[in-house]
Amino acid sequence: EQMLSHLVTNAAQAAPGGRIEIQWEDRGEEARLTVADSGDGIDPDLTDRLFEPFFTTKPPGQGSGLGLAMVHGIVEEHGGRIRTGTSDLGGAAFWIDLPTASGASGGAS
């Protein structure tokens, strides 16, 4: 819930009046959550720093730089992976792959 809240908040700030798409996909042993927006996207020079605590591109007082760091921590804590790139909407996209209950237990039900 916290992870999704941070991603949607960032998307809404990046694409005011634009579009945000959220997709959930069952991929067998893992599930993929995608959050995409129609904003300006992510500067490729900043991609390596996105998940650093206190890193922000927002003006002072408008962001702490902790949201994406928290998302990254939550994803890793649950054995998942996160990556980012350009969405089909033209803005940023975040893809999060998390193991499902069957994937986490080696496929046993």
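For the structure, check the block above.
Calculation rules
- Residues numbered from 1 in each chain as written.
- Predicted model: local features only at pLDDT ≥ 70, side-chain atom pairs only at ≥ 80, totals over all residues.
- Heavy atoms only, no water.
- Buried < 20%, exposed > 50% of the residue type's maximum accessible area, 1.4 Å probe, protein only.
- Helix = DSSP H or I, 4+ residues; strand = E, 2+ residues; numbered from the N terminus.
- Pairing = 2+ DSSP bridges.
- Axes fitted to C-alpha atoms, helices over the stretch in contact; angles between N-to-C directions.
- Contact = heavy atoms within 4.5 Å.

Student: I'd like a rundown of the pairing of strand S4 (residues 92-99), residues and numbers included.
Tutor: With seven of eight residues buried, S4 lies mostly within the body of the structure. With seven bridges joining them, strand S2 (residues 30-37) and S4 adopt antiparallel strand pairing. The residue bridging Glu30 from the neighbouring strand is Pro99, located in S4. What sits between strand S3 (residues 81-86) and S4 in their antiparallel hairpin is a turn of five residues, with Gly90 showing a positive phi close to 100°.

Student: Explain the sheet that holds S2 to me, using residue names and the numbers behind them.
Tutor: Taken in spatial order, the four strands of this open sheet run S1-S2-S4-S3, and their pairing is antiparallel. Bordering the open sheet on either side are strand S1 (20-26) and S3, each of which pairs with just one other strand. Averaged over neighbouring strand pairs, the angle between their axes works out to 15° when direction is ignored. Lying over the sheet, helix H1 (residues 2-14) contacts S1, S2 and S4, oriented at roughly 20° with respect to S2.

By themselves, these figures tell us nothing about what the structure is for.
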